[in-house]
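Survey of secondary and tertiary structure
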Amino acid sequence: MICSSKPTKLNVLVFVLLVGVFVAANAFAADSDEANPLSIYKGENGTYLKGTFMGAMAYFQEGKSWFGESKQVLGRRVNQWWEGVLRPGIEGSYFSEAGEVYGRFDAVFANTSGTDAVNSNLSKGDISDMRTEDAYVGWRSGDLFPSLGKDFLDISFGRQTYTAGNGFLFQNESGNYNRRGAYWIYARSAANYAGIIRVKTGGFYSDLLYLKADDSPNTDTRAGGATVDYTFEKAGNVGGGVYYLKSDLDSRDKMYVYDARLSLNPFAPFEGLSALQPFKVEAEYVYEDPSHGYSSGKGWYVSGGYQFDVTWKPTLTYRYASFDKDYDPLFYGFSDWGYWYQGEITGEFVLANNNLNSHMVRLNFTPVEPISVNLFYYNFRLDDASAFGVDSKDWANEYNLIVDWSVNDHLSFSFVGAYADPDSGAKEYTGGNDGWTSGMVYGSLSF
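Summary of the structure given here. (Residues numbered from 1 in each chain as written. Predicted model: local features only at pLDDT ≥ 70, side-chain atom pairs only at ≥ 80, totals over all residues. Heavy atoms only, no water.)

Time to look at the overall build of the chain. Scanning the chain for helices and strands turns up four helices and 19 strands. For 447 residues, the compact-globule formula gives about 22 Å, and the C-alpha radius of gyration of the chain, at 23 Å, lands near that figure. With the C-alpha coordinates of the chain rotated into their principal frame, the extents come out at 65 × 55 × 50 Å. At a minimum sequence separation of 6, the contacts of the chain that also span at least 24 residues come to 60%. Approximately 20,400 Å² of the chain is accessible, and the part contributed by carbon and sulfur atoms is 57%. Within the chain, one finds 36 positive and 54 negative side-chain charges whose respective centroids are separated by 5 Å. (Helix = DSSP H or I, 4+ residues; strand = E, 2+ residues; numbered from the N terminus. Rg over C-alpha atoms; globule rule 2.2 N^0.38 Å. Contact = heavy atoms within 4.5 Å. Areas by Shrake-Rupley, 256 points an atom, 1.4 Å probe, with all protein chains shown as cover. Lys, Arg positive; Asp, Glu negative; His and termini not counted. Charge placed at Lys NZ, Arg CZ, Asp CG, Glu CD.)

Bringing the nonpolar core into the picture now. Phe-170, Phe-349 and Trp-436 are the most contacted members of the largest nonpolar core, which totals 70 residues. Discounting chain neighbours no more than four positions away, the residues touching Phe-349 are Trp-66, Trp-81, Ala-117, Val-118, Tyr-183, Trp-184, Glu-344 and Trp-436. Of all hydrophobic cores here, the second largest spans six residues; its members include Phe-53, Phe-109, Leu-411 and Phe-447. (Core = buried A, V, L, I, M, F, W, Y, C linked by side-chain atoms within 4.5 Å. Buried < 20%, exposed > 50% of the residue type's maximum accessible area, 1.4 Å probe, protein only.)

For the rest of this paragraph, the subject is the pattern of salt bridges. Across all of its chains, the model carries 25 salt bridges by this definition. We note a salt bridge from Glu-91 to Arg-104, for which the minimum N-O separation is 2.7 Å. Here Glu-91 is found in strand 3 (residues 80–96), whereas its partner Arg-104 is found in strand 4 (residues 99–113), with 13 residues between them in sequence. On the basis of relative accessibility, which here comes to 17%, the residue Glu-91 falls in the buried class. The class for Arg-104 is buried, based on a relative accessible area of 17%. Each of Lys-50, Arg-87, Glu-91, Arg-104, Asp-106 and Asp-134 takes part in salt bridges that share partners, so that together they form one network. (Salt bridge = Lys/Arg side-chain N within 4 Å of Asp/Glu carboxyl O.)

To continue, consider a nonpolar patch on the surface. Together, Ile-40, Tyr-41, Leu-49, Ile-90 and Phe-105 give the surface a local cluster of nonpolar side chains, amounting to about 470 Å² of exposed area. Summarising the element assignment, Tyr-41 is placed in strand 1 (residues 39–42). Exposure remark for Tyr-41: the relative accessible area of 47% places this residue in the partly exposed category. (Patch = residues over 30% accessible without salt bridge, like charges linked within 9 Å, V, L, I, M, F, W, Y side chains within 5 Å.)

Moving on to empty space enclosed by the protein. Evaluation of the coordinates by the stated rule reveals one cavity of 30 Å³ or more. Here the largest cavity defines a volume of roughly 50 Å³. Around the largest cavity sit Phe-60, Glu-62, Trp-184, Glu-344, Phe-349, Val-416, Ser-438 and Met-440, which together line it. For the lining of the largest cavity, the secondary structure elements donating two or more residues are strand 2 (48–63), helix 3 (343–350) and strand 19 (436–446). Class assignment for the residues of the lining of the largest cavity results in five nonpolar, one polar and two charged. (1 Å grid on protein atoms, 1.4 Å probe; cavity = no way out; pocket = protein on both sides within 12 Å on 5 of 7 lines; lining within 4 Å. Points joined across faces, edges and corners; volume = space filled by probe spheres on them. Nonpolar A, V, L, I, M, F, W, Y, C, P; charged D, E, K, R; others polar.)

Our next topic: the packing of aromatic side chains. Throughout the structure, instances matching the rule amount to 39 aromatic pairs. Judged by centre distance (5.6 Å) and plane angle (65 degrees), the rings of Trp-184 and Tyr-442 are edge-to-face. Of this pair, Trp-184 sits in the loop between strand 6 (153–159) and strand 7 (193–201) while Tyr-442 sits in strand 19, and the two are 258 residues apart along the sequence. Assigned by exposure class, Trp-184 and Tyr-442 land together as buried. An aromatic cluster of at least three residues, connected via ring pairs, comprises Phe-60, Trp-81, Trp-184, Phe-334, Trp-337, Phe-349 and Tyr-442. Here the guanidinium or amino end of Arg-140 rests over the ring plane of Tyr-102, the centre of that ring lying 3.9 Å away. Lying over the aromatic face of Tyr-339, Arg-319 brings its terminal NZ or CZ to 4.7 Å of the ring centre. (Phe/Tyr/Trp six-rings, centres within 6.5 Å; stacked < 30°, edge-to-face > 60°. Lys NZ or Arg CZ within 6 Å of the ring centre and 35° of its normal.)

Here you go:
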């Protein structure tokens, strides 16, 4: 069965609403650069109440998906599909001598028209769903503890997203499978419940957290623990965390997770080494100690990047990432292209961060101020071929071209072209040997 290339009426409605909101917003904002068309109330002390809105649409075109064998792998042929999201909400803060009380509530309406390249809707056809996303309240201490710094203490609870570092371990405690819709746009990330106590003073940051995931399918995974970070004045930061999990999945139940990470510009503090100051190194290591007789899992990466002081400000980055077959990627998420969905074909639709080793080379540059260009090369190898049911570890080479256009503070577009060339492991697994091409156009409007 070939997917229809036409958007559904729901996706047309999303598009019309996006255009309407954008036109209205520009009309309201014409008198002042600071005007917010969704503002409800704004007090002199910073107290405010405003509406929020995010709308997005994406169109995907695939060629020879699953290396020419999408019908064999997914049960139906995949050529193209549409995704649409509307996310209206309301948020506000009240400031007093006792600090700041804040909160947010919003809901996500998501639609997928056609079968996507991972068959996230389980062959149910066109799907739509509306669910509460953020629904939380919190309190920040403001200047209540002047010797410890502004907002030394921050306590929040409710439906919210918890992020640690760059999303290697925690950033998406939800899911977009089954009937939830808009798998790629990934508008849902909030835990079903999260209580977070944040402490910060000077360069020291620490979180105490407890959360219950809203993943799909539901695994009733709960996590509690502590995250600690320290930021140096110029050189970057180091951090880590210790967490304990309970879950209906035996492999996760009663599992301890240990995390250590760094993101440093090691030469930044030294003025005499100006040529080396743009060099940046990142690394993270996670060790998982499960119960019930399961083997321990390890996941880690290390990367180095350098921004050249020439026209277009090109930044060249190399990264090696490794995840053994017993590693559980938990709740990783998107913080930037390539982090942590590795490759717009392989990382989005085929392989998760498990039983996988990857080399990544990235070149980023800015030809004109509102446009950013990324070129990626990935080499993917399985960590344990037999655990994946194949004989060869060699999976694929992938190439991505990504162009981001920020029209203004509210409107942006992204254009993606990707090509994956299968190696012997992918050919054996899928039965196909064709190159997989993928194209995507994405537009987003937010307030």
